[in-house]
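Working through the structure, step by step
Residues per chain are reported as follows:
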Amino acid sequence: MSVLCPFCEGQGEVYRVVVKQTSETIYLCGECDSVWLTENIGEDNATNFEDYMSEQGFEPLWSELDYIEKL
Ligand SMILES: [Zn+2]
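For clarity, every value in this text was computed on a predicted model and none was experimentally measured. (Residues numbered from 1 in each chain as written. Predicted model: local features only at pLDDT ≥ 70, side-chain atom pairs only at ≥ 80, totals over all residues. Heavy atoms only, no water.)

1. Focus: the pairing of strand 2 (residues 24–29)
Put simply, the rule reads: Strand pairing is defined by DSSP finding a minimum of two bridges between the two strands. Secondary structure follows DSSP: runs of H or I at least 4 residues long count as helices, runs of E at least 2 residues long count as strands, and numbering of each begins at the N terminus.
With 6 bridges joining them, strand 1 (residues 14–19) and strand 2 adopt antiparallel strand pairing. Each residue of the ladder has a partner; that of Val-18, found in strand 2, is Thr-25. Joining the antiparallel neighbours strand 1 and strand 2 is a turn of 4 residues, in which Ser-23 adopts a positive phi near 60°. Summarising the sheet, strand 2 and strand 3 (residues 34–36) pair through 2 bridges and their orientation is antiparallel. Bridging from a neighbouring strand, Leu-28 pairs with Val-35 of strand 3. In textbook terms, the turn of a hairpin is the stretch between consecutive antiparallel strands, and for strand 2 and strand 3 this stretch comprises 4 residues, one of which, Asp-33, has a positive phi near 65°.

2. Digging into the sheet that holds strand 1
The sheet built from 5 strands is open, its strands ordered 4-3-2-1-5 with antiparallel pairing. On the outer flanks of this sheet lie strand 4 (47–48) and strand 5 (65–70), each paired with one strand and no other.

3. Observations regarding the confidence of the model for the chain
For residues with low pLDDT, the predicted coordinates do not support detailed interpretation. Heads up, the condition is: One confidence number per residue, pLDDT, is output by the predictor and ranges from 0 to 100.
In this model, the chain carries a mean pLDDT of 94, and residues with pLDDT of at least 70 account for 99%. Of all secondary-structure elements in the chain, the lowest mean pLDDT belongs to strand 5, at 90, while strand 3 reaches the highest, 98.

4. Points about the coordination of the zinc ion
Convention followed: For Na, K and Ca the donor cutoff is 3.2 Å, while for all other metals N, O and S atoms count as donors only within 2.8 Å; water does not appear among the atoms, so some sites may look incomplete. A four-donor site is classed as tetrahedral when every donor-metal-donor angle falls between 85 and 135 degrees; four donors are called square planar, and six octahedral, when trans pairs exceed 155 degrees and all remaining angles lie between 65 and 115, with any other arrangement labelled irregular. With a 1.4 Å probe rolled over the protein chains alone, any residue whose accessible area is under 20% of its type maximum counts as buried; one over 50% counts as exposed, and the rest are partly exposed.
Donor atoms from the polypeptide that coordinate the zinc ion comprise Cys-5 (SG), Cys-8 (SG), Cys-29 (SG) and Cys-32 (SG), at 2.3 Å from the metal. For the zinc ion, the 4 donor atoms are set out with angles of 105 to 113° between them, so the coordination reads as tetrahedral. Between consecutive donor residues of the zinc ion, the sequence gaps follow C-x2-C-x20-C-x2-C. With a gap of 24 residues between them, Cys-5 in the segment before strand 1 and Cys-29 in strand 2 connect regions that are remote in the sequence. Residue class for Cys-5 comes out buried when judged on its relative accessible area of 3%.

Structure (structure tokens):
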């Protein structure tokens with residue numbers, strides 16, 4: 001069973017990915033680019049991919065990610 005994004009109304013599947021530059025594991029919605037830092041996928045603890053990457057000085061691109069798999 002896959003985990004679905006709470007913002008995408010049953011559409012967005014959440015992927016476990018690794019940021020290549022930091023080797024950090026994050027959780028990313030394939031539809032709306034919401035990001036979670038833990039497997040606890042909720043509405044009140046999400047950030048978004050663009051903010052998360054730009055805060056660290058990286059481009060918000062899926063090509064910056066590795067080990068993409070469905071959660
Ligand atoms: Zn989503």
